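Chains, contacts and geometry: an overview
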Amino acid sequence: MPHEKTVPLAQLAPQKLSTQQAEALNHALARYASEPGGLLPLLHAVQHSLGFIPRAAVPLIADAFKLSRAEVHGVISYYPHLREQPHGQTLIQICRAESCQSRGADALLAYAEAALGCKAHETTADGCVTLEPVYCLGLCAQSPALMVNEVEVHAHLTPFKLDALLQDLKSKSDVALMDKAHAAIESGVEAVRIYVPRDAAALAVGADEVARVLAEECAARGLPVELVRNGSRGLLWLETLIEVETAQGRVAYGPVTAADVPGLLDAGLLQGGAHALCHGLTEKIPYLANQERLTFARVGVIDPLSLADYAAHGGWQGLKAAAAMAPEAVVQQVLDSGLRGRGGAAFPAGIKWKTVAAASGAQKYIACNADEGDSGTFADRLLMEGDPFCLIEGMAIAALAVGATQGYIYVRSEYPHAIATLKEAIARASAAGWLGGNVAGSGRAFYLQVRKGAGSYVCGEETAMLESIEGKRGIVRAKPPLPAIEGLFGQPTVINNVITLATVPVILAKGAVFYQGYGMGRSRGTLPFQIAGNIARGGLVEKAFGLSLRALVEDFGGGTATGRLVKAIQVGGPLGSYVAPGDWDDSLDYEAYAAKGNVVGHGGLVVHDDAANMARLARYAMEFCAIESCGKCTPCRIGSTRGVEVIDRITTNTGAVHAANVALLESLCDTMVNGSMCAMGGMTPYPVRSALTHYPQDFGIESAPAVMPV
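Scope of this entry: the structure provided in the associated data block. In this text, all values refer to a predicted model and were calculated from it rather than measured experimentally. (Residues numbered from 1 in each chain as written. Predicted model: local features only at pLDDT ≥ 70, side-chain atom pairs only at ≥ 80, totals over all residues. Heavy atoms only, no water.)

1. Notes on unusual backbone geometry
Of the consecutive residues G254 and P255, the connecting peptide bond is found in the cis state with omega at -5°. Along the chain, P255 falls in the loop between β9 (249–253) and α10 (261–266). P480 connects to P481 through a cis peptide bond whose omega is 5°. Note that P481 resides in the loop between α19 (462–469) and β14 (493–497). (Helix = DSSP H or I, 4+ residues; strand = E, 2+ residues; numbered from the N terminus.)

Right under this line is the structure:
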């Protein structure tokens, strides 16, 4: 199985827990052993305390959960981010997803291997550094990226920057984690409010250091300021983007580094003074002004953890409206709005809700799929880190509508900042009465928890996610039964992704007709498109359905970062197709794209310039599937491995052997599409076939038959 980790025979001998290990395990057992689906949270807790999960702990865990030792070991071995052996003093994970590949990630990984003297998945001889690949950190517009010790993020990496980072790590006993507090300088004079983002995209380029130097410089100059750590505006090429509140509005400066701060203050930063880094009023920056921000209206504007800030900008209005309505009326509003799932399948959200509302069950659940693992996508992360109460409000509305009393947000382990922000936001919302036993004064209960994933991409598939929340291996379930009838713990469950649920509050607050006013055809409302890869102005663009791919890439994105011609655009994540250049002017909507065998998916775009090798990218699609397959069905598990081998033969042979392997690749793709249990195997052929069709020269052929749609 692709995820399985082998254990040397010497390690299978009976072992005993140390005192420290026993204490950590007992503490975790006391917290999670009686909790439904508590196995995965317990394993995370033990690993967080000890750095790994001792093999000697497995029998004790099995006894506590009434499982076999094989079942516990099976869960540990399945998830890539659970470890039975400690990693080095420092863990470095370099992203290999498509967006980062478009900016040289594989070359960066090779450079790191040479610099450290160890291969990926290995530890340096002195035990200092373990090097691992990772598949998407949600920093796709700032590629290539890496993560240190599963929390500290770095973006726009080059070999020079990597050398500096490695040298810096050698000089530290440990790394700084994340910002946990707001900085402010107390003074009797009214303070100027300055916004410095706390979003991971900003942290990855030094936002914490900018905030620290800004506070110190202002204190030294006797300048009273209030630092607000907001989310990101989504103009990611300008991070760190700081904003100063003036009488005319917020004035933006970026990209700001710590070294820029003294000069900015000299130029009158606190008054919105002119400077080379000044972009004028934030709201008038064309990239932002030309958007229709409904779901992301508050992201980058407010303090993400301020209940007062959230309420002052329209928060809780949708939940208040829902609390005063009959449940069926809430469902009808969502139906009438035309809102469809924003996670990729585009299934009407209201139909899911109506099905769960009508289903009988002792318990009903709301499960938010925040396992945003597609390369080129980061909208979920931006929203969870920049406006977490919006997601909480949407889930509470869903709960009132269908009669659910328990909810889970399943967040990928690669998003530590989002997890921390959500947990704090849930605690604050619960204390304020927006969650808990009396939601918004409705007399109805809804409780919410965050569940952390462990590195499995396939857990983004809804039934695999349910298995993971239940503490099991993330293996895809056969359907029927549908999760709406028999989902989490066998009970009726609403499953929607972050953007779907976070869009619900504006619908309830402003009405279905308001939301229907955006979009075209059956694609109503807006979608937060994410522009990533080899792009000059990467970021988030929330627009109504109907604009073109060319408008996003050229008008908003500004073309490639390298200045070369755009060669290929992949839409919809690693399972999405490379859209034919002749279709770049088509309207972006679900039906138009499906008619040509493409998918809109989660709205992620990965741009490649004319230096890209499409055969290599097609090979990566098969390789990624082989790595991430849950292993349940043969077409996905074996087909992807054979796919890598076949593409290798295509690129290294000519003549009859070459032609035979092209035909074999077609047959293999057909088997995967029609024989796989879920989209993991069923859609991996999309990027492969589209690359072969639209860029045959990269496969050593002059033309290829039109094989799309599939």
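2. Description of the packing of helix α25 (residues 634–652) against helix α26 (residues 655–675)
Packing of α25 against α26 leaves a shortest axis separation of 9 Å and a crossing angle of 160°. For the element pair α25 / α26, the angle class is roughly antiparallel. Where α25 crosses over α26, the handedness of that crossing is left-handed. Taken together, the residues of α26 that come into contact with α25 (itself represented by P635, G639, S640, R642, G643, V646, I647, R649 and I650) are H658, N661, V662, L664, L665, L668, T671, M672 and G675. Residue classes in the contact of α25 with α26 are distributed as nine nonpolar, seven polar and two charged. (Axes fitted to C-alpha atoms, helices over the stretch in contact; angles between N-to-C directions. Parallel < 35°, antiparallel > 145°, perpendicular 65-115°, else oblique. Left-handed = near helix turned anticlockwise from the far one by under 90°. Contact = heavy atoms within 4.5 Å. Nonpolar A, V, L, I, M, F, W, Y, C, P; charged D, E, K, R; others polar.)

3. A closer look at the nonpolar core
Core analysis: the biggest nonpolar cluster contains 212 residues, and W353, L391 and I409 have the highest contact counts within it. It is helix α17 (residues 388–402) that provides the largest number of residues to this core, a total of twelve residues. Look past the residues within four positions of I409 in its chain and what remains in contact with it is C368, A370, L391, M395, L422, I426, L448, Q449, V450 and R451. Judged by nonpolar contacts, the second largest core, of 16 residues, contains L108, A112, L146 and L169. (Core = buried A, V, L, I, M, F, W, Y, C linked by side-chain atoms within 4.5 Å. Buried < 20%, exposed > 50% of the residue type's maximum accessible area, 1.4 Å probe, protein only.)

4. Concerning the pattern of salt bridges
This model, assessed by the stated rule, comprises 41 salt bridges. Taking the shortest distance from any N to any O, the salt bridge between K596 and D583 comes out at 2.9 Å. Here K596 is found in the loop between α23 (590–595) and β20 (604–609), whereas its partner D583 is found in the loop between β19 (566–571) and α23, with 13 residues between them in sequence. K596 sits in the partly exposed class, given a relative accessible area of 38%. (Salt bridge = Lys/Arg side-chain N within 4 Å of Asp/Glu carboxyl O.)

5. Topic: α26
Over its 21 residues, α26 runs 30 Å from end to end, which matches the ideal 30 Å to within 8%, given 1.5 Å per residue. The secondary structure elements touched by the buried residues of α26 are α24 (614–628), α25, α27 (679–683) and α28 (685–694). (Expected span 1.5 Å × (residues − 1).)

6. As for empty space enclosed by the protein
Summed over all chains, the structure comprises three cavities of 30 Å³ or more. Computed from the structure, the second largest cavity encloses a volume of approximately 50 Å³. Grouping the constituent residues of the lining of the second largest cavity by class yields seven nonpolar, two polar and one charged. (1 Å grid on protein atoms, 1.4 Å probe; cavity = no way out; pocket = protein on both sides within 12 Å on 5 of 7 lines; lining within 4 Å. Points joined across faces, edges and corners; volume = space filled by probe spheres on them.)

7. Brief notes about the pairing of strand β8 (residues 242–246)
Taken across its five residues, β8 has four buried, putting it largely inside the fold. Where β8 and β9 come together, five bridges link them in antiparallel fashion. Looking across to β9, one finds that T246 is bridged to G249. The loop that links β8 with its antiparallel partner β9 comprises two residues. (Pairing = 2+ DSSP bridges.)

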